[in-house]
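Each chain, letter by letter, is given below.
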Amino acid sequence: MTTTTGTYLIKGASILGGEASDVLIRDGIIAEIGHGLEAGGATVIDAAGCVALPGMVDVHTHLREPGREDAETVETGTRAAALGGYTAVHAMANSTPVADTAGVVEQVYTLGRAAGWVDVRPVGAVTVGLAGEQLAELGAMADSRARVRMFSDDGICVHDPVLMRRALEYVKAFDGVVAQHAQEPRLTAGAQMNEGDVSAVLGLTGWPAVAEESIIARDVLLAQHVGSRLHVCHVSTAGSVEIIRWAKERGIDVTAEVTPHHLLLTDDLVRSYDPVFKVNPPLRTDADVQALRAGLADGTIDVVGTDHAPHPSEHKECEWAQAAMGMTGLETALSVVQHAMIETGLMTWGDFARVTSTAAAKIGRLSDQGRPIEAGEPANLILVDPAARWTVDPSTMATMGRNSPFKGRELPGKVVATFYKGHPTVLEGALNTPHPDAAATTAGVA
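Report on the accompanying structure. (Residues numbered from 1 in each chain as written. Predicted model: local features only at pLDDT ≥ 70, side-chain atom pairs only at ≥ 80, totals over all residues. Heavy atoms only, no water.)

1. So, the overall build of the chain
Turning to step 1, where the next piece is worked out: Each helix and strand in the chain was counted, giving 11 helices and 19 strands.
Turning to step 2, where the next piece is worked out: Over its C-alpha trace the chain gives a radius of gyration of 21 Å, about what one expects of a compact globule, namely 22 Å for 446 residues.
Turning to step 3, where the next piece is worked out: Dimensions of the chain, computed from C-alpha atoms along their principal axes, come out at roughly 65 × 45 × 45 Å.
Turning to step 4, where the next piece is worked out: A total of 446 residues make up the chain; the buried ones form 60% of that total.
Turning to step 5, where the next piece is worked out: Taking the contacts inside the chain whose residues are at least 6 apart along the sequence as the reference set, 74% of them involve residues at least 24 apart.
Turning to step 6, where the next piece is worked out: Carbon together with sulfur atoms contributes 50% to the accessible area of the chain, which is approximately 16000 Å² in total.
Turning to step 7, where the next piece is worked out: The averaged location of the 55 negative side-chain charges in the chain is 3 Å from the averaged location of its 34 positive side-chain charges. (Helix = DSSP H or I, 4+ residues; strand = E, 2+ residues; numbered from the N terminus. Rg over C-alpha atoms; globule rule 2.2 N^0.38 Å. Buried < 20%, exposed > 50% of the residue type's maximum accessible area, 1.4 Å probe, protein only. Contact = heavy atoms within 4.5 Å. Areas by Shrake-Rupley, 256 points an atom, 1.4 Å probe, with all protein chains shown as cover. Lys, Arg positive; Asp, Glu negative; His and termini not counted. Charge placed at Lys NZ, Arg CZ, Asp CG, Glu CD.)

Structure, rendered in structure tokens:
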């Protein structure tokens, strides 16, 4: 059952950074766009100075549930997503149990619907238990209520080329995509950070760029050979950008993502030995950062994926060698991308919409997300105040994870409102209420 949402009149929003317009939302749909609009009984939202954008779509989120609720839950993670401007997230498979069956992905899907803050689309594991030995139930997950279209062993590389080929062939039957965590395990055994000048000085085992680049090179050739879709997770090196650019020039069906932290932070931060900067793939050099920014700007890299990876404090507040890898990102992504890409003149707000929403929805095959802000379209959109400045304080965030690498940094841009299927999950920069459908789902009616 679908619950009817209300009527909202957004006044004076700059759509994609362009001309200020009014946007009328009625029953989950953008009913009208124009100037001087009126609507009796509508809730009026003053959006002067705000930019209206399609709701953001994350292709790479770790919600941890089921099994790791000490780190995050679907409820807390999707609250964080809504506050960050997201209306859809793809939940990675490395939960406990692993999301490698129809039953587990349906559980995650149902938890997302019951929470009601954003669309939760489970990512299915490529291999059983992420063990890299046999394919998981890809077809069953695709046919389930969760309608899984993205599959990944993220956190672990599908390093067996025969198994990777079989996965790429299998997902063709239902227009799926394999999202690869590109890391040759034999080249990264015991690695703690990027291999380079800083690792040499610190005496930490290095993680060479070629460990990522060699897997990407292999997999784009496999995708070409079988005629399948490949997505490359969290690209981190300049060489990776060049390989993906080469593949696209040859018509290979490959897409790629970059994280906000790889667009801004470098391995020089590891000199502090603060485990908040320990991440997989590792922070790289400034030259890599610049290449990633250029690749995102010119379309070589398709999307920004947060790789939101919350951890309990005891797993990060320890010595470097024992610390878990990962950073939170849902509530800071918009601001980091604005800082790294828009304020540097590399991108416009229209470009921002492409890399954080439109292209991501296409990769995940989400037909009602990433849509243009036009009459008749689903009302999944956000309002952003680009002039706002704020200092990152992880203790005030909705995510359970406190492992933000941006702690104490001043960043630009704030989400003022998030509309999910026509309902304001966020208003005046704070959580409002989940979508009314969530109550129906919880009651077992939907």
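2. What about a negative patch on the surface?
Turning to step 1, where the next piece is worked out: A cluster of acidic side chains, namely Glu69, Asp70, Glu314 and Glu317, defines a negative patch on the protein surface.
Turning to step 2, where the next piece is worked out: Of note, Glu314 is situated in the loop between β15 (303-304) and α9 (333-342). (Patch = residues over 30% accessible without salt bridge, like charges linked within 9 Å, V, L, I, M, F, W, Y side chains within 5 Å. Salt bridge = Lys/Arg side-chain N within 4 Å of Asp/Glu carboxyl O.)

3. Quick notes on helix α2 (residues 102-115)
Turning to step 1, where the next piece is worked out: Between its first and last C-alpha atoms α2 spans 20 Å; for 14 residues at 1.5 Å apiece the expected length is 20 Å, and the two agree.
Turning to step 2, where the next piece is worked out: Of the positions making up α2, those classed as buried are Ala102, Val104, Val105, Val108, Tyr109, Gly112 and Ala115.
Turning to step 3, where the next piece is worked out: Looking one or two places after α2, you find Gly116, whose phi comes out positive at around 80 degrees. (Expected span 1.5 Å × (residues − 1).)

4. As for the sheet that holds strand β7 (residues 86-91)
Turning to step 1, where the next piece is worked out: With parallel pairing, three strands are arranged side by side in an open sheet as β6-β7-β8. Pairing within the sheet leaves two strands with one partner each, and these edge strands are β6 (56-61) and β8 (119-122). Mean inter-strand twist for the sheet, computed between neighbouring axes without regard to direction, equals 20 degrees.
Turning to step 2, where the next piece is worked out: Here β7 pairs with β8 via four bridges, running parallel. Residue His90 lies in a different strand from β8, and its bridge partner there is Arg121.
Turning to step 3, where the next piece is worked out: Each of β7 and β8 touches α2; the most contacted strand, β8, lies at about 175 degrees to it. (Pairing = 2+ DSSP bridges. Axes fitted to C-alpha atoms, helices over the stretch in contact; angles between N-to-C directions.)

5. Some words on the packing of aromatic side chains
Turning to step 1, where the next piece is worked out: On inspection of all chains with the given rule, the structure shows four aromatic pairs.
Turning to step 2, where the next piece is worked out: Note on Phe151 and Phe174: the rings are 5.8 Å apart at their centroids and 55 degrees apart in plane angle, and the pair reads as tilted. Taken together, the positions of Phe151 in strand β9 (residues 150-151) and Phe174 in the loop between α4 (161-171) and β10 (177-180) put the pair 23 residues apart, joining distant regions of the chain.
Turning to step 3, where the next piece is worked out: When its relative accessible area of 0% is taken as the criterion, Phe151 is described as buried.
Turning to step 4, where the next piece is worked out: Phe174 gets classed as buried once you look at its relative accessible area, which sits at 14%.
Turning to step 5, where the next piece is worked out: Through a chain of ring-to-ring contacts, three or more aromatic side chains come together here, namely Phe151, Tyr170 and Phe174. (Phe/Tyr/Trp six-rings, centres within 6.5 Å; stacked < 30°, edge-to-face > 60°.)

6. Section: the pattern of salt bridges
Turning to step 1, where the next piece is worked out: The full count for this structure, using the stated rule, is 19 salt bridges.
Turning to step 2, where the next piece is worked out: A salt bridge links Asp175 to Arg229; the nearest nitrogen and oxygen atoms lie 3.6 Å apart. Placement of Asp175 in the loop between α4 and β10 and of Arg229 in the loop between α6 (209-226) and β13 (230-232) is noted, with a sequence separation of 54 residues between them.
Turning to step 3, where the next piece is worked out: Residue Glu410 is joined to Arg389 by a salt bridge in which the shortest nitrogen-to-oxygen separation is 3.4 Å. Placement of the pair is Glu410 in strand β17 (residues 410-420) and Arg389 in strand β16 (residues 381-391), with a sequence separation of 21 residues.
Turning to step 4, where the next piece is worked out: Each of Asp175, Arg229 and Arg365 takes part in one network of salt bridges that share partners.

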